[in-house]
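# Structural features, examined
Listed below are the residues making up each chain.
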Amino acid sequence: MTELATRAQAFGLIADGVAAGLTAPWRLYLARGCRYLSLSVGDRDEWNAWRTHLGCPELSVRVYDAGGEIRRASVAEVMLEGCRISVELVEEVSTEDLERLLVADPLVEPEER
């Protein structure tokens with residue numbers, strides 16, 4: 001497997017997604033050595049589009065208190081050509097949204113038992 005050897009190759013991955021019709025991430029972080037690329041997106045539709053485009057199989061959710069506000073951070077990751085790529089969405093949630101915090105993807109209905 002080859003590695004993303006240059007910054008141009010890493011940014012090319014993002015440019016390919018935008019050219020395919022995805023919304024550009026609002027924040028992009030590329031670590032030195034091109035071994036970690038992080039995208040931050042603005043809403044769940046963008047998050048789902050980017051993780052689908054990149055084929056991110058690993059999903060994690062973290063809920064935390066940020067100075068009195070509850071936040072939910074959804075992260076999807078994939079290893080691609082020697083580079084770990086993550087797509088992150090941070091949402092503010094209220095205590096009325098606690099049911100949403102218990103599922104990995106709040107847009108997918110839980111199965112009936």
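Residues numbered from 1 in each chain as written. Predicted model: local features only at pLDDT ≥ 70, side-chain atom pairs only at ≥ 80, totals over all residues. Heavy atoms only, no water.

## Topic: the side chain of Ser86
With respect to the element layout, Ser86 can be found in strand 5 (residues 83–93). When its relative accessible area of 2% is taken as the criterion, Ser86 is described as buried. For Ser86, the side chain forms a polar contact with the side chain of Tyr36, separated by 3.0 Å. The contact partners of Ser86, leaving out residues within four places of it in the chain, are Tyr36, Leu37, Ser38, Leu39, Val75, Ala76 and Glu77. (Helix = DSSP H or I, 4+ residues; strand = E, 2+ residues; numbered from the N terminus. Buried < 20%, exposed > 50% of the residue type's maximum accessible area, 1.4 Å probe, protein only. Polar contact = N/O pair within 3.5 Å; in protein donor to acceptor, adjacent residues only side chain to side chain. Contact = heavy atoms within 4.5 Å.)

## Some points on the environment of Tyr36
Residue placement: Tyr36 occurs in strand 2 (residues 36–41). With 44 residues separating them in the primary sequence, Tyr36 and Leu80 have C-alpha atoms 9.9 Å apart.

## Some remarks on the sheet that holds strand 5
Judged by pairing direction, the sheet is mixed, and its five strands sit side by side in the order 1-2-5-4-3 without closing on themselves. Across the chains shown, the open sheet's two edge strands, defined by having one partner strand only, are strand 1 (27–30) and strand 3 (58–66). Adjacent strand axes in the sheet meet at a mean angle of 20 degrees, parallel and antiparallel pairs treated alike. Pairing analysis gives six bridges linking strand 2 to strand 5, with the strands arranged parallel. Bridged to Val41 within strand 5 is Leu89. Lying on the sheet, helix 1 (residues 7–19) is in contact with strand 1, strand 2, strand 4 (69–80) and strand 5; it crosses strand 1 at an angle near 150 degrees. Contacting strand 2, strand 3, strand 4 and strand 5, helix 2 (residues 44–54) crosses the sheet at an angle of about 165 degrees to strand 5. (Pairing = 2+ DSSP bridges. Axes fitted to C-alpha atoms, helices over the stretch in contact; angles between N-to-C directions.)

## Describing the packing of aromatic side chains
Following the criterion strictly, the structure yields one aromatic pair and no others. Judged by centre distance (6.1 Å) and plane angle (55 degrees), the ring pair of Tyr29 and Tyr36 falls under tilted. The class for Tyr29 is partly exposed, based on a relative accessible area of 41%. (Phe/Tyr/Trp six-rings, centres within 6.5 Å; stacked < 30°, edge-to-face > 60°.)

## So, the side chain of Asn48
On the secondary structure map, Asn48 appears in helix 2. Taking the relative accessible area as the measure of exposure, Asn48 reaches 15% and is therefore buried. Here Arg51 takes part through its side chain, which lies 2.9 Å from a polar atom of the side chain of Asn48.

## With respect to the confidence of the model for the chain
On average, the chain scores 82 in pLDDT, and the residues at 70 or more come to 79%. Least confident of the elements in the chain is helix 3 (residues 98–101), whose mean pLDDT is 62; most confident is helix 2, at 93. (pLDDT = per-residue confidence, 0-100.)

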